[in-house]
Amino acid sequence: MGDRSSTGRRRLPPLLFSSLLIGAILLPGGEAEAGSCARGISRMQARLDRALENRAAAGPFAPESTFATRSRQPTPATIAAAESRYDGWPAGGRAVAALARARRADASGDASACRAALRRVERIIARPGN
């Protein structure tokens, strides 16, 4: 069962929440505002965020390891290893990478590559069972 907040709603597991937060911070955002694809990128980012949240809420929760109970900070390698075992949506990483490609293409002024990357994100999000 998932953790519940004081309001009774399910909370994201800390590992998954941290990973999503880090991913959102690391994705470049400012340079996309200047390009021709900025509005599409913003809309797709919102859709991808919702899709990731929905998948995370529906997915399995990882048990806390003995290592974690000893107040040790996780390393990127231990986070990646845990996520690979409990990743409820492997295609999510491909969608995040495609959105990053759209941002890079937009920043370099390549509108057609940006649109192609956004279509890729759309296909990944829309494909059931992915």
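This one's a predicted model, so the numbers in the text were calculated from it and none came from an experiment.

Caption draft 1: Representation of the packing of helix α5 (residues 91-107) against helix α6 (residues 111-126) within the structure. Following both chains from N to C, one finds α5 and α6 inclined at 165 degrees, their axes separated by 8 Å at the closest point. Classified by the angle between their axes, α5 and α6 sit roughly antiparallel to one another. Once α5 is placed against α6, the crossing between them reads as left-handed. Residues Ala91, Arg94, Ala95, Ala98, Leu99, Arg101, Ala102, Ala105 and Asp106 of α5 pack against Ala113, Cys114, Ala117, Leu118, Arg120, Val121 and Ile124 of α6. Residue classes in the contact of α5 with α6 are distributed as 12 nonpolar, no polar and four charged.

Caption draft 2: How the structure looks around the state of the cysteines. Per the counting criterion, the structure on display carries one disulfide. Between the sulfur atoms of Cys37 and its disulfide partner Cys114 the distance amounts to 2.3 Å. Of note, the bridge from Cys37 to Cys114 carries an S-S torsion of about -110 degrees and is left-handed in sense. With a gap of 77 residues between them, Cys37 in the loop between α1 (14-26) and α2 (38-58) and Cys114 in helix α6 connect regions that are remote in the sequence. Of the two residues, Cys37 and Cys114, both sit in the buried class.

Caption draft 3: Structural detail: the packing of α2 against α6. Two numbers describe how α2 lies on α6: the axes approach to 11 Å, and their chain directions differ by 20 degrees. In terms of orientation, α2 lies roughly parallel with respect to α6. α6 is crossed by α2, and the crossing has left-handed handedness. Contact residues: Gly40, Ile41, Met44, Arg47, Leu48 and Ala51 in α2; Cys114, Leu118, Val121, Glu122 and Ile125 in α6. Of the residues assigned to the contact of α2 with α6, the class counts are eight nonpolar, one polar and two charged.

Caption draft 4: Spatial organisation of α6. Compared with an ideal rise of 1.5 Å per residue, which puts 16 residues at 22 Å, α6 spans 22 Å between its outermost C-alpha atoms and is within 8% of the ideal. Buried-residue contacts for α6 involve α2 and α5.

Caption draft 5: Representation of the nonpolar core. Grouped together as the largest cluster of nonpolar side chains are 19 residues, with contacts concentrated most on Trp89 and Leu118. Secondary-structure elements contributing two or more residues to this core are α2, α5 and α6. In contact with Leu118, other than residues within four places in its own chain, are Cys37, Gly40, Ile41, Met44, Leu99 and Ala102.

What counts, and at which threshold
- Residues numbered from 1 in each chain as written.
- Predicted model: local features only at pLDDT ≥ 70, side-chain atom pairs only at ≥ 80, totals over all residues.
- Heavy atoms only, no water.
- Axes fitted to C-alpha atoms, helices over the stretch in contact; angles between N-to-C directions.
- Helix = DSSP H or I, 4+ residues; strand = E, 2+ residues; numbered from the N terminus.
- Parallel < 35°, antiparallel > 145°, perpendicular 65-115°, else oblique.
- Left-handed = near helix turned anticlockwise from the far one by under 90°.
- Contact = heavy atoms within 4.5 Å.
- Nonpolar A, V, L, I, M, F, W, Y, C, P; charged D, E, K, R; others polar.
- Disulfide = S-S within 2.5 Å.
- Buried < 20%, exposed > 50% of the residue type's maximum accessible area, 1.4 Å probe, protein only.
- Expected span 1.5 Å × (residues − 1).
- Core = buried A, V, L, I, M, F, W, Y, C linked by side-chain atoms within 4.5 Å.

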